[in-house]
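The lines below spell out each chain.
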Amino acid sequence: MNVFEFMITRRESLWHLTVEHFYLVFLAVLIAVIIGIIVGIIITYSYTASVFALTICQVLMTVPSMAMLGFLLPFFGIGFRTGMIALVLYSLLPIVRNTYTGIREIPNSILESAYGMGMTPWHVLLRIQVPLALPVIMAGIRTATVMVIGIAAIASYIGAGGLGELIFHGISRTQPYRILAGAILISIMAVMADLILGWVEERLMVR
Amino acid sequence: MMQELRRKWKGWILVPAILLGLAIGLTVYVVNNPGGTMAARMLTYPSIFRYLREHVLMVLVSCLLAIGAGVPIGIMLTRPRFRSIGRVVENIVNVGQTIPSLAILALFFTFLGRGFNTAVFALWLYSILPILRNTYAGIMSIQPGIIEAAHGMGMTPLHVLGRIELPLAYPVIMAGVRTAVVINVGTATLATFIGAGGLGDLIVTGISVGRPIIIFTGAALSAILAILLDHILGQIEERLVGS
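Bear in mind that the values here come from a model prediction, so they are computed numbers and not experimental data.

Rules and cut-offs
Residues numbered from 1 in each chain as written. Chains lettered and ligands numbered in written order. Predicted model: local features only at pLDDT ≥ 70, side-chain atom pairs only at ≥ 80, totals over all residues. Heavy atoms only, no water. Helix = DSSP H or I, 4+ residues; strand = E, 2+ residues; numbered from the N terminus. Buried < 20%, exposed > 50% of the residue type's maximum accessible area, 1.4 Å probe, protein only. Contact = heavy atoms within 4.5 Å. Areas by Shrake-Rupley, 256 points an atom, 1.4 Å probe, with all protein chains shown as cover. Lys, Arg positive; Asp, Glu negative; His and termini not counted. Charge placed at Lys NZ, Arg CZ, Asp CG, Glu CD. Buried area = accessible area lost by both parts, 1.4 Å probe. Polar contact = N/O pair within 3.5 Å; in protein donor to acceptor, adjacent residues only side chain to side chain. Nonpolar A, V, L, I, M, F, W, Y, C, P; charged D, E, K, R; others polar. Axes fitted to C-alpha atoms, helices over the stretch in contact; angles between N-to-C directions. Left-handed = near helix turned anticlockwise from the far one by under 90°. Core = buried A, V, L, I, M, F, W, Y, C linked by side-chain atoms within 4.5 Å. Patch = residues over 30% accessible without salt bridge, like charges linked within 9 Å, V, L, I, M, F, W, Y side chains within 5 Å. Salt bridge = Lys/Arg side-chain N within 4 Å of Asp/Glu carboxyl O.

1. A look at the overall build of chain A
Scanning chain A from N- to C-terminus turns up nine helices and zero strands. Sequence-ordered secondary structure for chain A, helices as α and strands as β, is α-α-α-α-α-α-α-α-α. In chain A, buried positions account for 52% of the 207 residues. Partitioning the intrachain contacts of chain A with sequence separation of at least 6 by distance along the chain shows that 74% fall at a separation of at least 24. A total accessible area of about 10,400 Å² is found for chain A, and carbon and sulfur atoms account for 70% of it. Charge-centre separation for chain A: the mean point of 11 positive side chains lies 4 Å from the mean point of 9 negative side chains.

2. Overview of the interface of chain A and chain B
Facing the 29 residues of chain A at the interface are 31 residues of chain B. For the pair chain A and chain B, the summed buried area comes to about 2,500 Å², and 87% of that belongs to carbon and sulfur atoms. At the boundary of chain A with chain B, the tally comes to zero residue pairs in polar contact (both at pLDDT 80 or more). Among the elements of the structure, helix 3 (47-62), helix 4 (65-76), helix 7 (121-155), helix 8 (164-172) and helix 9 (176-206) of chain A are those that each provide at least two residues to the side of chain A that touches chain B. Among the elements that take part in the side of chain A that touches chain B, helix 9 of chain A stands out by supplying nine residues, more than any other. Considering only residue class, the side of chain A that touches chain B consists of 24 nonpolar, four polar and one charged.

3. A look at the packing of helix 4 of chain A against helix 9 (residues 200-209) of chain B
In the contact formed by helix 4 of chain A and helix 9 of chain B, the axes pass within 10 Å of each other and the chain directions differ by 30°. At the point where helix 4 of chain A passes helix 9 of chain B, the crossing takes the left-handed sense. Facing M66, A67, G70 and L73 of chain A of helix 4 of chain A, the residues of helix 9 of chain B in contact are I203, V204 and I207 of chain B. A class-by-class count of the residues in the contact of helix 4 of chain A with helix 9 of chain B yields six nonpolar, one polar and no charged.

4. Points about the nonpolar core
Judged by nonpolar contacts, the single largest core of 114 residues is most densely connected at M66 and I167 of chain A together with M58 of chain B. If you tally residues by element for this core, the top one is helix 7 of chain A, at 13 residues. The residues touching M66 of chain A, leaving out its near neighbours within four places in the chain, are I154 and Y157 of chain A together with T189, L190, F193, I203, V204 and I207 of chain B. Counting 17 residues, the second largest nonpolar core, distinct from the first, contains A23, A39, I48 and L202 of chain B.

5. So, the side chain of H21 of chain A
All names here are of chain A. With respect to the helices, strands and loops of the structure, H21 is situated in helix 2 (residues 11-42). Classification of H21 as buried rests on a relative accessible area of 0%. Those residues within four positions of H21 in sequence are excluded, and the remaining contacts are I149, A152, A153, G162, L163, G164, I186 and M189.

6. Regarding a nonpolar patch on the surface
Residue and element names in this part refer to chain A. The grouping of F22, F26, L30, I31, I34, I35, I38 and I42 at the surface amounts to a nonpolar patch, some 750 Å² of accessible area in total. Tracing the chain through its elements places I35 in helix 2. Overall, I35 belongs to the partly exposed group, its relative accessible area being 37%.

Structure representation (structure tokens):
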């Protein structure tokens, strides 16, 4: 059996796995966006906190994904939850870092004129800082999403589901077409996500 | 001066020493307290050392070969003759980088079969990408005026490359190498799935026999390795920027 035959005959189960993979990535990035943007905004108010938070995120990113799953496994067990926690942790760094730099890069004169117009700090944050930082934040979300699509494939090993299952089952049963189908679908998903989010980023930049 | 010295001491000696101490302490601890015969069989000094050696060897060989291939290709693409295909190659490299590491390993596994060599080849190809991209971007981002001035002073193209372009692009190239090494250490833990050994073996075996201490040993050692290499390369990068 070759890859294409396999992909056509099994299209229903492949579709199911793709949706599962997408769901895993979407949920993880969504949670990371909510936490990451809030943390990113908070740390712009304190230099010490920003160094602390960014260093922790940097170290977390360096840890190999398989090792992270290994660390979490004894505490959270096999399954969806462990995979989810690992994915959220990995997607935090790019989002926190980009929110922080995006807000930090706004020229002081803009903020001063906003305050001069009598805007409250809340207004400045929501009307000036966040909108201006949006393209940079979006770039962070893009990096996080592409990375998490890859890590979600690894998380299949600990039972989180998704397209990685094809690769792992294919390896253990020595069915190359299954491995290839998994590798191809995951790659397509990552490249597509990169293109679509890149397009969104560009749109935000123009505005 | 004093401050400079203190920062150097901290960067080059203190942090690496702490990380190494942690790794050694952890190894000694788990070998002496494996908590069961099953774990005791996996966690002996020779076996842990073998996994570590396989892992380091995989990363080292693939990264050195990737630097050897990525930097020259990156330089070549910035030469006037190849500049037209530079953009195209850059785009291909960008797409290549979005492909997940597990997918790359799996792809080469189906073509080249199991084993250490397949893993090294896949890692090599995967780590060329950031190095090549950063070499290209680093040289292309130099202001044309600087290079023109160098030509105007009568420097040969080779001189311009060696004395102007490479030194100015060095920090960017080093950043690419650092990215490649960190990704590489992480991907090497997945090499266990294609039968190439490494610290991933400990993690995977630990998961399949349900012994958290084996998982923890493999995970901690590979994490420490990644953080240590990242730190050392960061130090080199900083020194180059400073000088």
